[in-house]
Amino acid sequence: MLTFAHQEHIPSYYFDSRNQDFQLPALSQIEQADVCVIGAGFFGLSAALELAEKGKKVIVLEGARVGFGASGRSGGQAINGFEEGIDEYIKQVGFDKARKLWEMSLEAIDIIDERIAKYGIQCDWKKGYATLALNDRRMDDLIEMEKASHENFGYQNMQLWDKAQLKRHLGSDIYVGGLYDSNSGHLHPLNYCLGLAKACLNLGVQIFEQSPVVDLIEKNGALEVKTDRSAVIAQDVILAVNAYIDVLPNSIHHGINRKILPVESFIIATEPLSQTLADSLINNGMSVCDNNLLLDYYRLSADNRLLFGSDSSSEKDMIAVMRRNMLHVFPQLEDVKIDYGWAGPIDMTMNSTPHFGRISPHIYFTQGYSGHGVALTGLAGRIVAEAILGDDQRLRIFEGLKVPSVYGGKIVKNLATKIGVQYYKFLDRFR
Ligand SMILES: Cc1cc2nc3c(=O)[nH]c(=O)nc-3n(C[C@H](O)[C@H](O)[C@H](O)COP(=O)(O)OP(=O)(O)OC[C@H]3O[C@@H](n4cnc5c(N)ncnc54)[C@H](O)[C@@H]3O)c2cc1C
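Below, the structure is looked at part by part. For clarity, every value in this text was computed on a predicted model and none was experimentally measured. Along every chain, residues carry numbers that run from 1 in the direction the sequence is written. A pLDDT threshold of at least 70 governs which residues receive local features in this predicted model, and a stricter bar of 80 or more applies before side-chain atom pairs are shown or counted, although totals over entire chains, interfaces and linings include all residues. Excluding hydrogens and water, the side-chain values take into account all heavy atoms of the structure.

1. Comments concerning the side chain of Ser265
And then number 1: The helix count covers DSSP runs of H or I at least four residues long, the strand count covers runs of E at least two residues long, and both are numbered beginning at the N terminus. Inspection of the secondary structure assignment puts Ser265 in strand β11 (residues 261–270).
And then number 2: Here the side chain of Ser265 touches Tyr297 through a polar contact of 2.6 Å, side chain to side chain.
And then number 3: What qualifies as a polar contact is a pair of N or O atoms within 3.5 Å, subject to a donor-acceptor requirement within protein and to the restriction that residues adjacent in sequence count only when both atoms come from side chains. A polar contact of 2.7 Å, which involves the side chain of Ser265, links it to the side chain of Asp311.
And then number 4: Two residues form a contact once any of their heavy atoms are found within 4.5 Å. When residues no more than four places from it in sequence are discounted, the contact partners of Ser265 are Tyr297, Ser310, Asp311, Trp342, Ala343, Gly344 and Ile346.

2. Details of the site of the ligand
And then number 1: Neighbouring the ligand are 39 residues, the closest being Glu62, Ser71, Gly75, Gln77 and Val374.
And then number 2: With respect to the ligand, the backbone of Gln77 contributes an N or O atom lying 2.8 Å from a nitrogen atom.
And then number 3: With respect to the ligand, the backbone of Gly373 contributes an N or O atom lying 3.0 Å from an oxygen atom.
And then number 4: All accessibility values rest on the Shrake-Rupley procedure with a 1.4 Å probe; residue burial counts only the protein chains present in the view. Burial of the ligand by the protein chains amounts to 99% of its free accessible area of 1000 Å².
And then number 5: For the shell around the ligand, the secondary-structure elements that each account for two or more residues are α2 (42–53), β11, β15 (338–348) and α11 (373–388).
And then number 6: Among the elements that make up the shell around the ligand, the one with the highest residue count is β15 (four residues).
And then number 7: Under the scheme applied here, ten amino acids are nonpolar (Ala, Val, Leu, Ile, Met, Phe, Trp, Tyr, Cys and Pro), four are charged (Asp, Glu, Lys and Arg), and all others, including Gly, are polar. Here the shell around the ligand is built from residues that sort into 19 nonpolar, 17 polar and three charged. Being near a molecule or strand, for a residue, comes down to having at least one heavy atom within 4 Å of it.

3. Concerning the pairing of strand β14 (residues 306–311)
Two faces belong to every sheet, and in a regular strand the side chains alternate between them.
And then number 1: Here β14 lies mainly inside the structure; six of its six residues are buried.
And then number 2: At least two bridges found by DSSP between two strands are what make those strands a pair. Of the strand pairs in this sheet, β11 and β14 are connected by five bridges, and their pairing is antiparallel. The residue of β14 that forms the bridge with Ile268 is Phe308.
And then number 3: Between strand β13 (residues 296–300) and β14, which follow one another and run antiparallel, lie five residues, and Asn304 among them has a positive phi close to 65°. Exposure classes here rest on a 1.4 Å probe applied to the protein chains alone. A residue is buried below 20% of its type maximum, exposed above 50%, and partly exposed in between.

4. Description of the pairing of strand β8 (residues 213–219)
And then number 1: Bridge count between β8 and strand β9 (residues 222–227): six bridges; the pairing is antiparallel. In the strand pairing of β9, Lys219 is matched with Ala222.
And then number 2: Taking the residues between adjacent antiparallel strands as the criterion, β8 and β9 are bridged by two residues, where Asn220 takes a positive phi near 50°.

5. Details of the packing of aromatic side chains
And then number 1: Stacked, tilted and edge-to-face are the three classes applied to pairs of Phe, Tyr and Trp rings, where Trp contributes its six-membered ring and a pair requires centres within 6.5 Å; stacked means planes under 30 degrees apart, edge-to-face means over 60, and tilted covers the rest. For the structure on display, the rule yields 16 aromatic pairs.
And then number 2: When the ring of Trp102 is compared with that of Tyr155, the centres are 5.2 Å apart and the planes differ by 80°; the resulting orientation is edge-to-face. In this pair, Trp102 is assigned in helix α4 (residues 95–119) and Tyr155 in the loop between α5 (136–153) and β5 (158–162), connecting sequence segments 53 residues apart. Comparing Trp102 with Tyr155 shows no difference in burial state: the two are buried.
And then number 3: Note on Phe356 and Phe398: the rings are 4.2 Å apart at their centroids and 20° apart in plane angle, and the pair reads as stacked. A residue pair is termed long-range when its members are at least 10 positions apart, and Phe356 in strand β16 (residues 355–360) and Phe398 in helix α12 (residues 393–399) qualify at 42 residues.
And then number 4: Residue Phe356 is classed as buried on the basis of its relative accessible area of 2%.

Laid out in C-alpha cells, this is it:
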C-alpha cells in the first residue's frame, strides 16, 4: 500500500550515505506563488529549478521529505532513450517528431551533466551503461536497438558486445552479449535529489516538507492548492507526485491515475567489497540492466557495494528473493553479507510510454517514465517550465504519444499489476 503523507525517509543505503541533512518546515500559513509544485522528487525539483532560474516565484509542497519517493530510492541509472522502442514512436508521430523525442532523451543526460557542474552537486555521477541479453533472441532486440538509433539518428555512442567482449568487463557467465552506451550513466539518487533541492533553495524557491496536498480548486482565476494545514494560491500548478497519484482524490488528478501501474521494485546493497572482488564483478564503472520485461539492474556504489535491483510483485522475505537473484548473476558473492534492502514503486504505463500533459490549461503533469525516470524527469521539468513560460512546442510532442488507460478502481488496478507481473514473468521465461 502506497503512503507518503507525513512519512520520514525509508531506511536505505542511500539514506545512510546522504551528504546533506536538512529538514524544512511544513506550510503553516497561506502563501502566494507564480507556480506551485506538488512533490519534491527529481521532476518537481527540476521544474522548480528551471522556473526559478527564469525568475518565477515557486513554492514546492512535499507530503513527506525531499526525495522520499522513487527519486531517493532508485537504481540511479540514467539511461537515454525510452523503454518503448523509438521505432514505435516513428510509427505513432512520424520521423521528425520521433527524432526530436530521441534528441530530447539525449538532452535529459546533458541536463544531469549541466546541473552537477553548475550547482556543484556531489552524487558520484559516472558514465557508462550496458543492457545485457540472456539469450540470442533478446540479443537480436539489442542489435535492432543499436541499428535504430545509429541508422535513424546517427547515434555513435553505442557498441554491441558479444559474450567474449562482455566478459572483459563483467564477471558473470549468464549473458550472451550486450549493448554498451558510453553516454548513459549512474549516480547516487538521493544525493542528486538533495543537491537539486539545495540549488532550488539558493535560488529562492520555498520548499515545504510534511505538507501533503489534499485538494486543488480553481478560485477567482487562480488555483488554490490545499494542504492538510494551509494553502498556496498560484497561477500554475505542477503535479509531480509520480506513482503516488493513486493515493490522491479525483479533484486533484482528474483520472490521469488510470495511465499508471505502480510496479514494486526492490534493491539490496551488499557490504563494501574488497577492490579485487568489486573489480571481478564490474571493472569499468558501468551500470547494468538485462533486457527482460521484469529486469535485474545493478552497479557498484562509490564505496564498492553491489547495489542489485529487480522488478517483481511483492513476495515474502524479499531480501532472500533478491539475494537469490543476485547469486544467479554473481555466484561468487555467496559469502558476502547483505547490509540493506528497500523497495519503491516504479511508475509504469501499459505501453512503457511516458505520459506528459495538462489536466487543464494551468495544471501540468508528467508521469509514467517506465524505468527511465532518472534521466527523463530532468527533461520533463525543463519542458513543463518552457510551457508555463509560453513555449509548449516540446510538451505537445509528448502529448501526441498514445498511452492506454487502465479502467477500474484501485482493487482492479492492483490485480492488473499483479497479473501483469506474473504474465511478464511467464513471457521472460519463454521469450
Ligand atoms: C526501486 C526503484 C528503482 C528505480 N530505478 C531506476 C533506475 O535505475 N533508472 C531510472 O531511470 N528510473 C528508476 N526508477 C524510477 C525513477 O526513480 C522515477 O521514475 C523517478 O524518480 C520519478 O521521479 P518523480 O519526481 O516523478 O517522483 P518521486 O520521486 O516519486 O516524487 C514524488 C514525490 O511526491 C510526493 N507526493 C506524493 N503525493 C503528494 C501530495 N499529495 N502532496 C505533496 N507531496 C506528494 C511524494 O512524497 C514524493 O516525494 C526506479 C524507481 C524505484 C522505486
